[in-house]
Amino acid sequence: MAQINPSILSADFARLADEAEAVRGSDWLHVDVMDNHFVPNLTLGVPVVESLARATDTPLDLHLMIEDPDRWAPQYVEAGAGSVTFHVEAAAAPVRLAREIRAKGARASMALKPGTPIEPYEDLLPELDMVLIMTVEPGFGGQAFLDIMLPKIRRTRELIAKHDLELWLQVDGGVAASTIERCAEAGADVFVAGSAVYGAEDPAEAVRKLRDLADKAAADAWWACGH
Ligand code: DX5
Ligand code: ZN
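The sections below set out a description of the structure shown in this document. (Residues numbered from 1 in each chain as written. Chains lettered and ligands numbered in written order. Predicted model: local features only at pLDDT ≥ 70, side-chain atom pairs only at ≥ 80, totals over all residues. Heavy atoms only, no water.)

**Focus on helix α3 (residues 69-78)**
Next, step 1: Burial in α3 covers these residues: Pro69, Asp70, Ala73, Pro74, Tyr76 and Val77. End-on, the buried residues of α3 take up no more than an arc of 155°, which puts them together on one face. Along α3, the residues that are exposed and aim more than 90 degrees away from the buried face are Arg71 and Glu78.
Next, step 2: On its buried face, α3 sits against β2 (29-34), α2 (46-55), β3 (60-65), β4 (83-87) and α4 (94-103).
Next, step 3: Taken from the residues just after α3, Gly80 is the one with a positive phi, measuring 120°. (Buried < 20%, exposed > 50% of the residue type's maximum accessible area, 1.4 Å probe, protein only. Helix = DSSP H or I, 4+ residues; strand = E, 2+ residues; numbered from the N terminus. Arc of directions from axis to C-beta. Contact = heavy atoms within 4.5 Å.)

Right under this line is the structure:
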């Protein structure tokens, strides 16, 4: 079944606990950490993640858009994250970092910006629990979905199948009712949605609708057959 991870980047930062409650029933809460260096925007850090982890039962899916994730990512596991995604463009030693995240007890995930190909990282996939294919340039919510990323999603799913891995494939950026089916057909099974969820009248209902669309689109997809 498809997993839908609402992104709190589109939520009200002054009411994070309520905003987490508003999407109860989601699989994860997606938390975008930005440092104003790796991306031209600044959001939140370890203390906010610690508080949010205490305030909600929904596991936290951290997306670190920061320089030097080798130094900072382990602290987000200690802060209570269930999954930590680092950008491979910023990591000095991705294998060592993935192993450290896992050893500390979280799922380890690697993100790729739109201009970064997946092929050079094929040998790294067994070290990971998830790959995040960005479908916008990271930094801001509410941007238009880049459908030229669909072939990369498909190629990533093919690599996962080729190596027979239990790897989740996440997409993030511009995911909405109008784009989620194409992502699911191409091979994504974890969907981040910010404005499509928090911009909706009823965020919990928006999550259910997105999950339904993704499940239906994946049902006949080559990559999900037999799953
Ligand atoms: C963008 C963030 C996304 C963002 C997505 O850099 O990584 O998680 O919240 O927002 P939408 O779904 O509005 O494109
Ligand atoms: Zn994100």
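**A few points about the sheet that holds strand β1 (residues 3-6)**
Next, step 1: Sheet architecture is open: eight strands sit in the order β1-β8-β7-β6-β5-β4-β3-β2, paired in parallel fashion. Because the sheet does not close on itself, it has two edges, and the strands there are β1 and β2. Here the strands of the sheet are splayed against their neighbours by 25° on average, with no regard to which way each runs.
Next, step 2: Pairing of strand β6 (residues 130-134) with strand β7 (residues 168-172), which is carried by five bridges, proceeds in the parallel orientation. (Pairing = 2+ DSSP bridges. Axes fitted to C-alpha atoms, helices over the stretch in contact; angles between N-to-C directions.)

**Here we look at the pattern of salt bridges**
Opposite charge on two side chains allows them to pair when their charged atoms are near.
Next, step 1: Summed over the entire model, instances satisfying the criterion amount to 14 salt bridges.
Next, step 2: Among the salt bridges present, the one from Arg15 reaches Asp12, with a minimum N-O distance of 3.6 Å.
Next, step 3: Of the residues examined, Asp12 reaches a relative accessible area of 32% and is grouped as partly exposed.
Next, step 4: In this structure, the salt-bridge partner of Arg15 is Asp18, at a minimum N-O distance of 3.7 Å.
Next, step 5: Residue Arg15 is classed as partly exposed on the basis of its relative accessible area, which comes to 38%. (Salt bridge = Lys/Arg side-chain N within 4 Å of Asp/Glu carboxyl O.)

**Considerations on α2**
Next, step 1: Of all the positions in α2, only Val46, Val49 and Leu52 are classed as buried. For α2, the buried positions fall inside an angular range of 125° around the axis, keeping them on one side. Turned more than 90 degrees off the buried face of α2, the exposed positions are Pro47 and Arg54.
Next, step 2: As for α2, its buried residues are in contact with α1 (16-21), β2, β3 and α3.

By themselves, these are just geometric observations and shouldn't be taken as functional.
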